[in-house]
Structure formats: structure tokens, C-alpha cells
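Structural features, examined
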Amino acid sequence: MQFPRFILGDNTDYPEAIFVIHTEFPRFIINLQDDEVEWLEDFDKNDEEELENEAETLIREASEFYDREVERYQDDD
């Protein structure tokens, strides 16, 4: 099964949270409410430098994805 690169997540236990799930390596979930990131991968020392370089871009892309999705929902109204 193939997943989209980003997926919106919702949970009534966290009514203020805005979760975006990144499904490609490195997989993570970000809560855009507070920019907290939970990485779903195990990294070794060699990966950490690459991850630091890539993380900012991935988080920006997750935020842009959310903005695009919200805009599309508003356009449907």
C-alpha cells in the first residue's frame, strides 16, 4: 500500500493539537500547535547530522501541507 507523503491526524483527546504525519524516511509526527516533533525512526550518530540539516525543511513542508489542506477545505464550503 502506498501512502501520501503527509497525512493530517486528529484526536479528540488533544482538541487543540494539529498533527501532521510524515510517512517517508525520516518518519515523524509534528504537532503544529507547539512544533513538537516525535521521530518514528531510530537514528545513529551518522544520521544525526543529516537529520539536523533536513529537519527544518521537512517541518516547513509539513506546515505548508497543512496550510494547503485547510485552504482546500475552505474552498469546498
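Above this note sits the structure.
Residues numbered from 1 in each chain as written. Predicted model: local features only at pLDDT ≥ 70, side-chain atom pairs only at ≥ 80, totals over all residues. Heavy atoms only, no water.

Points about the overall build of the protein
A tally of regular secondary structure across the protein gives 1 helix and 4 strands. Counting from the amino terminus, helix and strand elements in the protein follow one another as β-β-β-β-α. Its C-alpha atoms give the protein principal-axis dimensions of roughly 45 × 25 × 25 Å. Within the protein, residue pairs in contact and separated by at least 24 positions form 31% of the contacts whose partners lie at least 6 positions apart. Split by element, the accessible area of the protein, about 6,100 Å² in all, is 43% carbon and sulfur. For the protein, the distance from the average site of its 6 positive side-chain charges to the average site of its 26 negative ones is 6 Å. (Helix = DSSP H or I, 4+ residues; strand = E, 2+ residues; numbered from the N terminus. Contact = heavy atoms within 4.5 Å. Areas by Shrake-Rupley, 256 points an atom, 1.4 Å probe, with all protein chains shown as cover. Lys, Arg positive; Asp, Glu negative; His and termini not counted. Charge placed at Lys NZ, Arg CZ, Asp CG, Glu CD.)

Let's talk about the nonpolar core
Phe6, Val20, Phe28, Ile30, Leu32, Leu58, Ala62 and Phe65 form the largest nonpolar core, which has 8 residues in total. Contributing elements (two or more residues each) for this core: strand 3 (28-31) and helix 1 (45-76). Considering every element that reaches this core, the biggest residue donor is helix 1, with 3 residues. Apart from the residues within four sequence positions on either side, Phe65 is in contact with Phe6, Ile7, Leu8 and Val20. (Core = buried A, V, L, I, M, F, W, Y, C linked by side-chain atoms within 4.5 Å. Buried < 20%, exposed > 50% of the residue type's maximum accessible area, 1.4 Å probe, protein only.)

None of the figures reported here should be taken as evidence of function without further support.
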